[in-house]
Amino acid sequence: MIVALLAALLGCHAISKSTGADSVSTGTPGCGDTIYVPQSGTDTTTPVPADLDAATFGAAPDPTRVHLSWVGDPSQTMAFVWVTDAGTMASRVEVGADATYGATTPGATFTLIGGDTFGRVHEVHVCGLTPGTTYHYHVGGDGHWSADQTFTTAPAPGSTDTFRFVVAGDSRDNYAVWGQILAASDAFAPDFYIFSGDAIDIGSSLDEWGGWLDQGAGYIDRRPIMNVHGNHEFMAQPFFGLFAMPTNAGPDRTDDEQWFSFDYASGHFVFLNDTLAPYDVQATWMDADLKATTQPWKFVSHHQPAYSSCTTHGSNANLQAQWSPIEEDNGVAFDMTGHNHNYERSVPLRGGQQTDPANGTYYVVSAGAGADLYGNDMAQPFTATATVDNNWVLFEVNGDHVTMTAYDLSGNVIDSVVR
Ligand SMILES: [Fe+2]
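What you see as residue numbers is a count from 1 along each chain, following the sequence as written. Owing to the predicted nature of the model, reporting of local features is limited to residues with pLDDT of at least 70; listing and counting of side-chain atom pairs is limited to 80 or more, with chain, interface and lining totals taken over all residues. The side-chain quantities take in all heavy atoms of the structure and omit both hydrogens and water.

Draft legend 1. Quick look at the overall build of the chain. Check the secondary structure of the chain and you find seven helices and 25 strands. The C-alpha radius of gyration of the chain comes to 20 Å, within 12% of the 22 Å expected for a compact globule of 419 residues. If you line up the chain on its principal axes, its C-alpha atoms span 60 × 40 × 40 Å. The buried label applies to any residue whose accessible area, calculated with a 1.4 Å probe on protein chains only, is under 20% of its type's maximum; exposed applies above 50%, and partly exposed to all values in between. Taking all 419 residues of the chain together, the buried fraction comes to 61%. It only takes one pair of heavy atoms within 4.5 Å for two residues to be counted as in contact. Taking as baseline every contact in the chain between residues at least 6 positions apart, the subset at least 24 positions apart corresponds to 70%. Values of accessible area rely on a 1.4 Å probe in the Shrake-Rupley scheme; residue burial ignores everything except the protein chains shown. When the accessible area of the chain is evaluated, it comes to approximately 14600 Å², of which 50% is carbon and sulfur surface. Only DSSP runs of H or I with at least four residues qualify as helices, and only runs of E with at least two residues qualify as strands; both kinds are numbered from the N terminus onward. A radius of gyration in this sense is built from C-alpha atoms; the matching globule rule multiplies 2.2 Å by the number of residues raised to 0.38.

Right, dumping it as structure tokens:
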């Protein structure tokens, strides 16, 4: 409890405590927060801080599987994760306006269960960045840096600047389709990615996670990706270790990186875990979170659809009862899930009934990133459209409206809606 409260007090959300990209700190990870050795999602033992950056290099110290995400405010922070051989401890990020960088932030490093051949994971949080700004960066340590790459911080929260994000889910163990989606969506210049769960088939398989991350090279190392916990992630350690995401600072650390929210320009994004985690606790948290935001566009992402005509899984009645009313009453525009391997969008719903778009929530299922496809019986009155095909979804948001477009792998538009 004490450790969790301390972690909460020191969390990356406290931007004012940031060591900042403008300074070189000495051994403390960015944002002033402690990075812990990841546990499984059900492990309640006292967390252990990860090892700090050190100038130690093993047999294969060059960074691989570099990817970005957010632990703090997307307009001022960036989190970096990568993998090296198990002997390399160097865990630094250099950031700047050009490839001369100029600011160094050290982070922390740890290994995962069964990770002797997978290697060592490195995590760095950089804070104190300027909103709406493109930075150059590389990760690693002296003599063993990754190639120069760039990222762009979010506009300040509340900005009406247009932004885009991609939603896809359920690659399971067919990563080639996931790679095709990243390549196809690249032309639309999304600002970030949401993966709606079941990235892998077996949550504890580091080989599978490696295959999934490898498809992201050139994409998720220049745009952040935020991952939903799906049933195939199974609360296993790699999900928590390979992705740096916000901690919700609950009474213990079991809810870390499972349910949280962040703002991006005019959007407010809520992530939930609908597998092996309590619905009632998250319902209470989400209601308070949504009531506290003044952002005009609210999005919720989790794994299992509340409303679906999928032949295999169908709807989740517990989510309809416990989460949907909160989302609809608090003006959530789109609920974005995976799990049911096809594409489906509902009519705008309130209490299970079709309503005016301004008063209801669209339930969107995008679960076509590689897993074997499921059928749709199309017999449900809440279904606006459903397509049994691999798919991904592009959202474009500005101050006035949201345009959602679903694509198949050939680039054909399979659905579009403007709210
Ligand atoms: Fe699933």
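Draft legend 2. Just the domain arrangement of the chain, in detail. Start and end positions for the domains come from either an automated domain assignment or a database one. Along its sequence, the chain is organised into domain 1 (2–152) and domain 2 (163–418). If you average the C-alpha positions of domain 1 and of domain 2, the two centres end up 26 Å apart. Contacts between the two partners involve 38 residues from domain 1 and, on the opposite side, 34 residues from domain 2. Counting each side, the surface lost to burial between domain 1 and domain 2 is near 3000 Å², with a carbon and sulfur contribution of 65%. Whenever Lys or Arg places a side-chain nitrogen within 4 Å of a carboxyl oxygen from Asp or Glu, that contact is recorded as a salt bridge. In this structure, the connection of domain 1 to domain 2 is made through one salt bridge. For the salt bridge of Asp214 with Arg65, the shortest nitrogen-to-oxygen distance reads 2.9 Å. Identification of polar contacts relies on pairs of N or O atoms within 3.5 Å, with a donor-acceptor requirement for protein atoms, meaning one able to donate a hydrogen and the other able to accept it, and with residues adjacent in sequence counted only if both atoms are side-chain atoms. Our enumeration of links across domain 1 and domain 2 arrives at nine residue pairs in polar contact (both at pLDDT 80 or more). With five residues, strand β2 (residues 64–69) is the single largest residue contributor to the side of domain 1 that touches domain 2. Ten residue types, Ala, Val, Leu, Ile, Met, Phe, Trp, Tyr, Cys and Pro, are classed as nonpolar, four, Asp, Glu, Lys and Arg, as charged, and the remainder, Gly among them, as polar. Class assignment for the residues of the side of domain 1 that touches domain 2 results in 21 nonpolar, 14 polar and three charged. Summed over both partners, the accessible surface that disappears when two parts come together, traced with a 1.4 Å probe, is what is meant by buried area.

Draft legend 3. Spotlight on the nonpolar core. If you look at the biggest cluster of nonpolar residues, it comprises 85 residues, and the most contacted ones within it are Phe80, Phe165, Trp212, Phe269, Phe299, Phe334 and Phe395. Tallying contributions element by element places strand β3 (residues 78–84) first for this core, with six residues. Ignoring sequence-local partners within four residues, the contact set of Phe334 consists of Lys298, Phe299, Val300, Thr361, Tyr362, Val364, Phe395, Val402, Met404, Val417 and Arg419. In terms of nonpolar packing, the next biggest core, distinct from the first, is built from 20 residues, Tyr279, Leu290, Tyr307 and Val347 among them. Grouping buried Ala, Val, Leu, Ile, Met, Phe, Trp, Tyr and Cys residues that are joined through side-chain atoms within 4.5 Å yields what is termed a nonpolar core.

Draft legend 4. Seen up close, helix α5 (residues 279–292). Multiplying 1.5 Å by the residue count of a helix minus one yields the expected span of that helix. With 14 residues, α5 should cover 20 Å at 1.5 Å per step; its first-to-last C-alpha distance of 20 Å lies within 8% of that length. Here the buried face of α5 lies against β14 (260–264), β15 (267–271), β16 (297–301), α6 (317–322), α7 (324–329) and β17 (332–337).

Draft legend 5. Highlighting the pattern of salt bridges. Taken as a whole and assessed by the stated rule, the structure comprises nine salt bridges. Between Arg345 and Asp415 there is a salt bridge, with its nearest N and O atoms 2.6 Å apart. One end of the pair, Arg345, is in strand β18 (residues 343–346); the other, Asp415, is in strand β25 (residues 413–418), and 70 residues separate them in sequence. Note on accessibility: Arg345 and Asp415 belong to one class, buried.

Draft legend 6. Focus on the sheet that holds β3. Each pair of strands is called paired provided DSSP finds at least two bridges between the two strands. What the five strands build is an open sheet, ordered β1-β6-β7-β3-β2; its pairing is antiparallel. The two strands at the open ends of the sheet, each matched to only one other strand, are β1 (51–52) and β2. Here strand β6 (residues 108–111) runs beside strand β7 (residues 120–126); their pairing, made up of four bridges, is antiparallel. Along β7, the bridge assignment pairs Ala108 with Glu123.

Draft legend 7. Focus on the coordination of the iron ion. We call an atom a donor if it is N, O or S and sits within 2.8 Å of the metal, or 3.2 Å for Na, K and Ca. Water is not counted, so some sites may look partial. Asp198 (OD), Asn231 (OD1), His303 (NE2) and His339 (ND1) make up the full set of protein donors to the iron ion, lying at 2.1 Å. Coordination at the iron ion is irregular: its four donor atoms span angles of 87 to 165° at the metal. Sequence spacing among the residues donating to the iron ion works out to D-x32-N-x71-H-x35-H. Of the two residues, His303 is situated in the loop between β16 and α6 and His339 in the loop between β17 and β18; the sequence distance between them amounts to 36 residues. The geometry test gives tetrahedral to four donors whose angles all lie between 85 and 135 degrees, gives square planar to four donors and octahedral to six donors whose opposite members are over 155 degrees apart with all other angles between 65 and 115, and gives irregular to the rest.

Draft legend 8. Structural view of helix α2 (residues 175–186). Taking 1.5 Å of rise per residue, twelve residues should cover 16 Å, and α2 covers 17 Å from first to last C-alpha, within 8% of that figure. Considered for burial, the residues of α2 that qualify are Tyr175, Val177, Trp178, Gly179, Ile181, Leu182 and Ser185. On its buried face, α2 sits against β11 (163–168), β12 (192–195), α3 (206–215), β13 (225–227) and β23 (392–397).

Draft legend 9. Inspection of the sheet that holds β16 at higher detail. Strand order in the open sheet formed by seven strands is β14-β15-β16-β17-β21-β18-β22, and the pairing between neighbours is mixed. The sheet is open, and its two borders are formed by β14 and β22 (383–387), each paired with just one other strand. Looking at each pair of strands side by side, their axes are set apart by 15° on average, direction ignored. Relative to β15, β14 runs antiparallel, the two sharing five bridges. By the bridge assignment, Phe260 is partnered in β15 with Phe271. To define axes, lines are fitted to C-alpha atoms, for helices over the stretch in contact only, and angles between the resulting N-to-C directions are given on a 0 to 180 degree scale. Relative to β15, α5 is tilted by about 175°, and along the sheet it contacts β14, β15, β16 and β17.

Draft legend 10. Region of the structure containing the packing of aromatic side chains. Any Phe, Tyr or Trp ring, taking Trp's six-membered ring, that has another such ring centre within 6.5 Å forms a pair; planes under 30 degrees apart are called stacked, those over 60 apart edge-to-face, and the others tilted. Here the structure, examined in full by the defined rule, presents 40 aromatic pairs. Relative to Phe192, the ring of Phe165 has its centre 5.2 Å away and its plane inclined at 10°; by these criteria the two rings are stacked. Of this pair, Phe165 sits in strand β11 while Phe192 sits in strand β12, and the two are 27 residues apart along the sequence. Residue Phe165 is classed as buried on the basis of its relative accessible area of 0%. The class of Phe192 is buried, set by a relative accessible area of 0%. Centroid distance Phe165 to Phe269: 5.1 Å. Interplanar angle 85°. Geometry classified as edge-to-face. In this pair, Phe165 sits in strand β11 while Phe269 sits in strand β15, placing the two residues 104 residues apart along the sequence. Here Phe165 and Phe269 have matching classes, each one buried.

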